[in-house]
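One-letter residues, chain by chain:
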Amino acid sequence: MSDCHTIRVSVNGTSHECLVESRLLLVDFLRRDLALTGTHIGCEHGVCGACTILLDGDSVRACLTFAVQTDGCRIETVEGLGESDNLSPLQQAFRDHHALQCGFCTPGMLMTCIDMMKKYPLADDQAIREALSGNLCRCTGYVHIVDAVRAARDRPEESSP
Amino acid sequence: MKPAAFDYVQSHSLEEAMVALRKYGGDAKLLAGGQSLVPLLNFRLLRPAALIDINRIPGLDRVEMIAGDALRVGALARHHTLETSPVVARHFPVLHAAMAHVAHLAIRNRGTIGGSLSHADPAAELPMLALLLDAIITAESTGGTRHLAARDFLIGALTTALAEDEIVTAVEFPALPAGAGWDFAEFALRSGDFAIAAVAAVLTLRDGVVGEARIALMGVDETAIRASAAEGLLQGQRYRPELIRAAARSACAAINPITDLRASADYRRHLVEILAERVLAGAWNRAEGQAA
């Protein structure tokens, strides 16, 4: 049996205690052990941004983090944002501006947006594009994603997660 | 695309980490931000017996000014901390300018200063800035502490002077000379991608004459390098556009670029010449502004 450890984590406000193998990636822990399949696996080497989640409030790549490292941490995933019939303001901005086509990149985009809106003024579209540059959309729907972020930025009171 | 099995060792102190490193005798890797290490594990290019997690060692992430207006950065400081540090922006604006080019926010949130130096990627900003700013890197092991100049620390692509059982614990950036002008320019295909080439410079002027010139280049050789011949050309000279162009050509002659999928060696040479000209002009302008 390979090296295992018990971790306690809070995911979207719910506490979990689990036995995890050391080599288990956080993204696989979320999807397989907790059945939170909203976080997507794209490239598995930190390039595409599809697996971006919030770890203690900061956006991180869940494919470059081991579950065992997150013992005692607070994790937020796309499932923590809103419900299908009650979207968060940021999700609503994505819907209003047609900011998703196939939707594969969307969970990572949303979690990235929450962190970048908190940390940067995003004064113009160039700044928004640069802040989004670590998340790939292979439908290349960037124009509408930038539109959604701009709208969410302009209504800050509504765009908290 | 999943890592091979390894033992996970959580360190709560530097001593614990150093003892664990020694115990595994070169078959362990330190896990800090993991932003370069974990891709290598996921691809199984690395299969260490153990990962020694140093993320929870207290006090290793401090960013502080120390005696002589030097900046001391703990190895566990994250790139985002340096990027947004008012102290860095005020005292080391060239470092501040370079940090915005490091990867993407999610990577900067995790990636550490010690990790970037130890990984020594030839296209990473931090090793280049350490070289430009004559930084001193502290490496510790159960056998003692060493202080290494950046130019002795960086040996080649992904290769440093660190021994198997040593941990980078801090990097110190000595104060910039008073009135120094600086500039930094990078070319990458996409914001946050690895640089195809970057150039940084620090210049000091006395009565319009160059006192000290430092030029660092990256992405264009085995490791970040200083363009020593170009620095020598500038020393003791007054501003002439031809001088800047000659120094840029000299910097370009010093490099050993490769051809890969992103750019040819010739294109990298072209970039270095153009970027060096811009950066030297920019640094000179700032130095003149300081003198005025």
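Residues numbered from 1 in each chain as written. Chains lettered and ligands numbered in written order. Predicted model: local features only at pLDDT ≥ 70, side-chain atom pairs only at ≥ 80, totals over all residues. Heavy atoms only, no water.

**Some words on the overall build of chain B**
Counting its secondary structure elements, chain B contains twelve helices and 14 strands. A globule of 292 residues ought to have a C-alpha radius of gyration of about 19 Å, and chain B, at 19 Å, matches this closely. Projecting the C-alpha coordinates of chain B onto the three principal axes gives extents of approximately 60 × 45 × 30 Å. Put simply, chain B has 292 residues, and 54% of those count as buried. Partitioning the contacts of chain B with sequence separation of at least 6, the portion at a separation of at least 24 is 61%. When the 28 positive and 32 negative side-chain charges of chain B are each reduced to one mean point, those points stand 3 Å apart. (Helix = DSSP H or I, 4+ residues; strand = E, 2+ residues; numbered from the N terminus. Rg over C-alpha atoms; globule rule 2.2 N^0.38 Å. Buried < 20%, exposed > 50% of the residue type's maximum accessible area, 1.4 Å probe, protein only. Contact = heavy atoms within 4.5 Å. Lys, Arg positive; Asp, Glu negative; His and termini not counted. Charge placed at Lys NZ, Arg CZ, Asp CG, Glu CD.)

**Some points on the sheet that holds strand β3 (residues 52–55) of chain A**
Residue and element names in this part refer to chain A. The strand order β2-β1-β5-β3-β4 describes an open sheet built from five strands, whose pairing is mixed. This sheet does not close on itself; its edge strands, each paired only once, are β2 (14–21) and β4 (58–61). Shown here is a sheet whose adjacent strand axes are inclined to one another by a mean of 40 degrees, direction ignored. Sheet strands touched by helix α3 (residues 106–119): β3, β4 and β5 (74–76). Its angle to β3, the strand with the most contacts, is close to 45 degrees. (Pairing = 2+ DSSP bridges. Axes fitted to C-alpha atoms, helices over the stretch in contact; angles between N-to-C directions.)

**Here's the deal with the domain arrangement of chain B**
Residues and elements named next belong to chain B. In terms of domain boundaries, chain B breaks down into domain 1 (7–53), domain 2 (63–173) and domain 3 (181–291). Computed from C-alpha atoms alone, the centre-to-centre distance between domain 1 and domain 2 is 19 Å. Contact with domain 1, which involves 14 residues of that partner, is made by 16 residues of domain 2. Here domain 1 packs against domain 2, burying approximately 1200 Å² in sum over the two surfaces, 69% of which is carbon and sulfur. For the domain 1 face of the interface with domain 2, the top three residues by lost area are Met18, Arg22 and Gln35, together amounting to 40%. Joining domain 1 to domain 2, the criterion identifies one salt bridge. Residue Asp165 pairs with Arg22 through a salt bridge whose shortest N-O separation is 2.5 Å. Applying the counting rule to domain 1 against domain 2 returns two residue pairs in polar contact (both at pLDDT 80 or more). Among the elements that line the side of domain 1 that touches domain 2, the one with the most residues is helix α1 (residues 14–24), at six residues. Class assignment for the residues of the side of domain 1 that touches domain 2 results in eight nonpolar, five polar and one charged. (Domains from an automatic or database assignment. Buried area = accessible area lost by both parts, 1.4 Å probe. Salt bridge = Lys/Arg side-chain N within 4 Å of Asp/Glu carboxyl O. Polar contact = N/O pair within 3.5 Å; in protein donor to acceptor, adjacent residues only side chain to side chain. Nonpolar A, V, L, I, M, F, W, Y, C, P; charged D, E, K, R; others polar.)

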